[in-house]
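# Summary of the model geometry
Here are the chains, one letter per residue:
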Amino acid sequence: MSAKDDIRSRLDLKEIIAEYVALKPSGANKWKGLSPFTKEKTPSFYVDTSKQLWYCFSTKQGGDLFGFIEKVENIGFREALEKLATRAGVTLEERGFQGDNKRRDLFEVNTFAASYFKAQLPNSPALEYLTRRGVSTSSLERFGLGWAPAGFDGLLKYAKARAVSERELLEAGLLSENENGRVYDRFRERVMFPIHDYLGRVIAFGGRVLDDSKPKYLNSPETEVFKKGETLYGLETARKSIQESGEAVVVEGYMDVIMMHQHGLSGAVASLGTALTQEHAHLLARQGTRRLGLLFDNDAAGQRATLSGLDQEIGRMFAVRTVLAPGGKDAADILLAGGQPDLETALAGGLSEVEFRLNAATEKYDPRTLDGKRAILQMLLPRLRPREVFDSVAIDLQRLVIDRLELEPKLLDQFLNQNRPKNGTGRGLDDIQMQGMGRSRSSGADEMRLAKLLVQNPALIAKLDGEATFESPLVLEVIKVARQECSSEAIMEHFRGRPEASALFEGMFVPERPH
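## With respect to the overall build of the protein
A count of helical and extended segments in the protein gives 25 helices and 17 strands. When burial is assessed residue by residue, the protein has 47% of its 515 residues classed as buried. Relative to all contacts within the protein whose residues are 6 or more apart in sequence, the contacts with residues 24 or more apart total 62%.

Following this line, the structure appears as structure tokens:
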């Protein structure tokens, strides 16, 4: 049996692919998920376990286990074979790193550097610092933490002795170059945090100083394999938890991620000094994320600012909430001080994006008035409309709007269906429509206002939804007359000599005071 056949017989295609894509059943022996090769909202990637084959309808590509690993990790067949052989426990002919004259890719160079930094950790100031911060031995190993020693050429000399060139180190962002063309180690006297892509490959580093030097944190520059806006620290470790629970928590720093994982809060990831992007959203979605928590150690103002500036794509794809860390401390310090119960309680709560958006609208406009309700609905309209069959954010927002503005659910739904945007805008709401959308328990003052509006302009009766209900006999009578005789004169003649006539007539000339 060939090595390839041996590997194929030991590994299951679905289990391997499930490490990269959140798969859901799609018939007998078939599974589906979001394509790992493109950004999409509807699953187009399928796996057939009976045939041990996969196919992506978005990219029109498919194949077997080896082809999947080649494409998803952007590596050649030999590298895919070696990776899967290690997984399956199959021995292949070895190819050493040292002395290999082929040009190494950036993943190999970064992995080489990570081994160097890790080897410097024992007896270093970094180990003392990490131990003091409560990092366990297993976490040191899991996250590959290390130390970049003092000096300008420690890594450079180590690499040259092992046939790794300056050019390769420069391209990986591990060296810097001054105006005279002299190259030197980029990271010096820093605790080193290897940064992996979601596949577990080392793509960059973050380094932290232990004194007051600036900058406190230094990241690798962006390279062919490292883009800050497309990378989440810790995702390669958090993937399994996210796929099982459907929930991810974004924290602010490396230590927060490490300590949360160490304490069993294993859905934690961190952005690398950037706001969450659409690329982050698609990366999380491919892992099956449905709920997204944003954990901050700043104040409520910062919490609101974050939600206000949140990329709409992220708000569309996930049920988002922000969480303020207890006491304004970061997650790592809370856990070190034994505050895990408080942190877990905070993570279970928080301010949802839905609540934030409604609160922002009701702070700007008065929900007690028709004008305020109309403005609130117009402000929220783009997010009230579901963008897919099951849009949890839109559903939750509709529920809160119905309750806060006291609207009839059926009539709000009808309005949203009838006012789908054309060229990005929808029709406005007039007072008649707003009155008609109100619940049957509308106040007498609101119903009286509706009666006055109909007297002023009986043609508005055409916009009044036939399913709207009212408690006021006067309003019902005005509506009846307006449907029969569509003129102000006819309505006033109908009520001539009755006590209600003066109130209706007055409403035609006296502006109504604001609520």
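## Regarding the packing of aromatic side chains
If you walk through the whole model with that rule in mind, you get 21 aromatic pairs. On the numbers, 6.1 Å between centres and 70° between planes, the contact of F37 with F45 is edge-to-face. Ring centres of Y116 and Y158 lie 5.0 Å apart, and the angle between their planes is 40°; on these two criteria the pair is classed as tilted. Placement of Y116 in helix α5 (residues 106-119) and of Y158 in helix α8 (residues 154-160) is noted, with a sequence separation of 42 residues between them. On the basis of relative accessible area, Y158 is assigned to the partly exposed category, the value being 29%. The structure contains a cluster of three or more aromatic residues connected by ring pairs, namely F112, Y116, F117, Y158, F187 and F205. Across from the ring centre of F152, 5.5 Å away, lies the NZ or CZ of R182, which sits over that ring.

## Focus on the nonpolar core
I7, I17, Y20, W54, F68, L292 and F318 are the most contacted members of the largest nonpolar core, which totals 48 residues. Judged by nonpolar contacts, the second largest core, of 39 residues, contains Y129, V135, Y233 and A268.

## A look at the side chain of R201
Counting through the fold element by element, R201 comes out in the loop between β9 (190-196) and β10 (202-208). With a relative accessible area of 16%, R201 lands in the buried category. Of the polar contacts made by the side chain of R201, one reaches the side chain of D197; its length is 2.8 Å.

## As for the sheet that holds strand β1 (residues 24-25)
Here we have five strands laid out as an open sheet, ordered β1-β2-β3-β4-β5, and antiparallel in their pairing. Each edge of the sheet is formed by a strand with only one pairing partner; in this case those strands are β1 and β5 (61-63). Of the strand pairs in this sheet, strand β2 (residues 30-33) and strand β3 (residues 45-48) are connected by four bridges, and their pairing is antiparallel. Residue G33 lies in a different strand from β3, and its bridge partner there is F45.

## So, the pattern of salt bridges
In total, this model carries 19 salt bridges according to the counting rule given. Close ionic contact of R321 with E247 constitutes a salt bridge, the shortest N to O distance being 2.9 Å. Separated by 74 residues along the polypeptide, R321 in strand β16 (residues 319-324) and E247 in strand β13 (residues 247-251) bring together distant segments of the chain. Since its relative accessible area comes to 14%, R321 is described here as buried. The exposure class assigned to E247 is partly exposed, which follows from its relative accessible area of 22%. A salt bridge links R399 to D396; the nearest nitrogen and oxygen atoms lie 3.9 Å apart. Within this pair, R399 and its partner D396 are both found in helix α19 (residues 392-405), separated by three residues, close to a single helical turn.

## Concerning the sheet that holds strand β6 (residues 146-148)
An order of β6-β9-β10-β11 is seen for the four strands of this open sheet, with the pairing classed as antiparallel. The sheet is open, and its two edges are formed by β6 and β11 (217-219), each paired on a single side. Direction aside, the axes of adjacent strands within the sheet are offset by 35° on average. Pairing between β9 and β10: six bridges, direction antiparallel. Bridge pairing links P194 to F205 in β10. Contacting β9, β10 and β11, helix α11 (residues 254-262) runs over the sheet at an angle of about 70° to β9.

Conventions we followed
- Residues numbered from 1 in each chain as written.
- Predicted model: local features only at pLDDT ≥ 70, side-chain atom pairs only at ≥ 80, totals over all residues.
- Heavy atoms only, no water.
- Helix = DSSP H or I, 4+ residues; strand = E, 2+ residues; numbered from the N terminus.
- Buried < 20%, exposed > 50% of the residue type's maximum accessible area, 1.4 Å probe, protein only.
- Contact = heavy atoms within 4.5 Å.
- Phe/Tyr/Trp six-rings, centres within 6.5 Å; stacked < 30°, edge-to-face > 60°.
- Lys NZ or Arg CZ within 6 Å of the ring centre and 35° of its normal.
- Core = buried A, V, L, I, M, F, W, Y, C linked by side-chain atoms within 4.5 Å.
- Polar contact = N/O pair within 3.5 Å; in protein donor to acceptor, adjacent residues only side chain to side chain.
- Pairing = 2+ DSSP bridges.
- Salt bridge = Lys/Arg side-chain N within 4 Å of Asp/Glu carboxyl O.
- Axes fitted to C-alpha atoms, helices over the stretch in contact; angles between N-to-C directions.

These figures come from the coordinates and say nothing about function on their own.
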